[in-house]
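# Residue-level structure breakdown
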Amino acid sequence: MITDVSMPRPAVGSPGTWLRFLAGFAVLYGVLAVPAAGDSSGRWHVVIAAAVLLTAVVAEWVLYAAPVRGLLRRWGLGRPDGRSLATAVGVSTMVLGVYPLFAVVSGSTLALRADWPWVLVGVFAFHGLAEELVWRGYAFRRLREGRSFRSAVLWTMPLVAATHVPIVLTTGLAVGIGAMAVAAATSLPFAHLYEAGRRTLWAPAVLHTAIDSFKLFVIPVAAATTFSLLLVTVSLVVPLLVLALPRRSAVSASTDKASS
């Protein structure tokens, strides 16, 4: 069994490396979140995702002097892994079970938005790829270097949870805390899929999209709280099923010389 003793010193550990890491994170998250705050319809999600990717390229070059060659692979946009994708699709299907469950519990039905195909593209581009690019492609990948998988996940969780604090102000305490809990807790299954998929974002992006697929529907106002609580419960429990998929070894997953 591989232990932390065999691992190199964390790449993000000294005050200087933490400042560089947090600066990159702040820039990436700002490009992701600031324009999205003024885009409640989601019509600009694809454009925002493209901006995040461009910013990631620039940040990698400016902050870490990384070579251009292999850059997309280092950020998790390499060749998809079949096993991790299949696992993500299977678990995502179970996540989508929240909709018939909601219908049974509340007696209400959900209607698809008229523009749902474009919304789906936006949800995958923004919540699937762009958010995963920030959280797994940057934050988890950098924190993972020289750390165990568990340690890197625990370091990532508070960052993810903190960025969801504004939801408390816009949707209320109960739903906001639920969103923060889901964001923190899903750091584990998303990171697991990321490493099981040879450090690629495709599998966690699929599962992330499934969790945020509620944006495709018109949710009755009277049943909004019921739906939110059901979605929080399902999102906390069901994604953990991906942990049955084996990950790569700790050493191979934590070594990324090309990205340092």
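These remarks concern the structure in this document. Every value quoted in this text rests on a predicted model; they were computed, and no experiment measured them.

## Here we look at the pattern of salt bridges
Enumeration according to the criterion identifies nine salt bridges in this entry. In this structure, D115 and R113 form a salt bridge, with 3.2 Å as the shortest nitrogen-oxygen distance. What makes D115 partly exposed here is its relative accessible area of 33%. Residue classification places R113 among the partly exposed residues on the basis of a relative accessible area of 23%. Here E145 and R142 are joined by a salt bridge, their closest N and O atoms 3.7 Å apart. Each member of the pair, E145 as well as R142, carries the same accessibility label: buried. One salt-bridge network, held together by shared partners, links E60, R74, R141, R142 and E145.

## Things to note about the nonpolar core
Formed by 33 residues in total, the largest nonpolar core has its most connected members in F21, L28, V52, W75, Y138 and F140. For this core, the elements supplying multiple residues, two or more each, are α1 (15-37), α2 (45-64), α6 (116-144), α7 (149-163) and α10 (187-196). Ranked by the residues each element gives to this core, the list is headed by α6, at 10 residues. Setting aside its immediate chain neighbours within four residues, Y138 contacts R20, F21, G24, F25, L28, Y64, W75 and L133. Grouped together as the second largest cluster of nonpolar side chains are 25 residues, A88, L207, L230 and V238 included.

## Some points on the side chain of E132
In this structure, E132 sits in helix α6. Non-local contacts of E132, meaning those with residues more than four positions away in its chain, are made with H127, G137, F190, L201, P204, A205 and H208.

## What about the packing of aromatic side chains?
Counting across every chain of the model gives 12 aromatic pairs. Relative to W135, the ring of Y29 lies with its centre 6.3 Å away and its plane at 50°, an arrangement referred to as tilted. Linking Y29 in helix α1 with W135 in helix α6, this pair joins segments that are 106 residues apart in sequence. Residue class for Y29 comes out partly exposed when judged on its relative accessible area of 22%. Residue classification places W135 among the buried residues on the basis of a relative accessible area of 3%. Centre to centre, the rings of F140 and Y194 are 5.8 Å apart; their planes meet at 90°, and the pair counts as edge-to-face. Highlighted residues: F140 in helix α6 and Y194 in helix α10, separated in sequence by 54 residues. Residues F140 and Y194 agree in their burial class; the two are buried. Counting every residue linked through ring pairs, the aromatic cluster contains W18, F21, W75, Y138 and W155.

## Notes on the environment of A184
Considering the arrangement of structural elements, one finds A184 in helix α9 (residues 173-185). Exposure remark for A184: the relative accessible area of 15% places this residue in the buried category. As for A184 and V160, which are separated by 24 residues in sequence, their C-alpha atoms are 5.9 Å apart. With sequence-adjacent residues up to four places away left out, A184 is seen in contact with M157, V160 and A161.

Cut-offs used in this document
Each chain carries its own residue numbering, running from 1 in the written order of its sequence. Reporting in this predicted model follows two pLDDT cut-offs: at least 70 for local features of residues, and 80 or more for side-chain atom pairs to be given and counted; totals over whole chains, interfaces and linings ignore these cut-offs and use all residues. To get the side-chain values, all heavy atoms of the structure are used, and hydrogens and water are removed first. Salt-bridge detection follows one rule: a side-chain nitrogen of Lys or Arg within 4 Å of a carboxyl oxygen of Asp or Glu. Residue burial is assigned from relative accessible area. The probe radius is 1.4 Å, only protein chains are included, and a residue is buried under 20% of its type maximum, exposed over 50%, and partly exposed in between. As used here, the term nonpolar core means buried Ala, Val, Leu, Ile, Met, Phe, Trp, Tyr and Cys residues forming a set that is joined through side-chain atoms within 4.5 Å. For the purposes of this entry, the term helix denotes a DSSP run of H or I that reaches at least four residues, the term strand denotes a run of E that reaches at least two, and both are numbered from the N terminus. Any pair of residues with heavy atoms lying within 4.5 Å of one another is described as a contacting pair. Aromatic pairing here means that ring centres of Phe, Tyr or Trp (its six-membered ring) are within 6.5 Å. Orientation follows from the plane angle: under 30 degrees is stacked, over 60 is edge-to-face, and everything else is tilted.

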